[in-house]
Amino acid sequence: MRDYSRRKRGQRPTRNKMLIICEGEKTEPMYFENYRTPQNNVDVIPIPSSRKDVGSIVKFAKKKVPDLDINGGDSIWCVFDCDENTDDSISKAYRDAERFINMCFSNPSFELWFLLHFSYTEASLQNEGLIELLKRQIADYSKSRAYFQTLEPLTDTAVKNAKKLEKLHLDNGTDINSTQSNPSTQVYRIIDAIRHFNK
């Protein structure tokens, strides 16, 4: 097994790195970029991958792992949507990620995380219906615009709702890392990780 603790003593930066490999090129990077502030005790670095299939996203992430000090507290995350991914491709990607890469799956898409800031729903959603619900809360919603200032005060609500959905699926025996876990989002795990560094 390779040693991912590459930095020598005395060369440790003041903050750990958190690389977030984003499936989307706008929505997700714009959102996570707001966590890249001097006030955070972790350096949050969103990186768009421009790929939709989770297998390719994980391969891209694995190329970044040697640049990090995983054993020293650095981390890397893959943020991806259900899209055209199959249960087999999702399962294989989780196996390929091994213990070095954290996975963050949203079903049907990342926008569910935004919606959960305002309301809780257990209804299975397609992307079009999800965007319609989101536009009831953010009338001018567009993937190319930033809404962090609107969302940030409601983050605790989104975390609570995301965890509630996850518990629902687990209680029902549903694999949360599958196409059957609609609706669900694991973005709260990244938020919890950032908050952990800030304790």
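Here's a quick rundown of the structure. (Residues numbered from 1 in each chain as written. Predicted model: local features only at pLDDT ≥ 70, side-chain atom pairs only at ≥ 80, totals over all residues. Heavy atoms only, no water.)

Let us look at the pattern of salt bridges. Scanning all chains against the criterion turns up twelve salt bridges. Here lysine 92 and aspartate 96 are joined by a salt bridge, their closest N and O atoms 2.8 Å apart. Of this pair, lysine 92 and aspartate 96 both sit in helix H3 (residues 87-97), four residues apart, roughly one helical turn. Classification of lysine 92 by relative accessible area gives partly exposed; the value is 44%. Between arginine 189 and glutamate 166 there is a salt bridge, with the nearest N and O atoms lying 3.1 Å from each other. Note that arginine 189 is positioned in helix H8 (residues 187-197) and glutamate 166 in helix H7 (residues 155-171), a separation of 23 residues in sequence. The network of salt bridges with shared partners includes Arg15, Arg36 and Asp43. (Salt bridge = Lys/Arg side-chain N within 4 Å of Asp/Glu carboxyl O. Helix = DSSP H or I, 4+ residues; strand = E, 2+ residues; numbered from the N terminus. Buried < 20%, exposed > 50% of the residue type's maximum accessible area, 1.4 Å probe, protein only.)

On the basis of which strands lie adjacent, the open sheet formed by five strands has the order E2-E1-E3-E4-E5 and mixed pairing. Each of the sheet's edge strands pairs with one partner strand only, and the pair in question is strand E2 (42-48) and strand E5 (184-185). Sheet topology note: the strand E3 (residues 75-81)/strand E4 (residues 102-107) ladder contains five bridges and is parallel. In the strand pairing of E4, valine 79 is matched with cysteine 104. In the packing of helix H2 (residues 54-64) onto the sheet, the strands contacted are strand E1 (16-22), E2, E3 and E4, and the crossing angle to E3 comes to about 165°. This element, H3, spans E3 and E4 of the sheet and lies at about 160° to E4. (Pairing = 2+ DSSP bridges. Contact = heavy atoms within 4.5 Å. Axes fitted to C-alpha atoms, helices over the stretch in contact; angles between N-to-C directions.)

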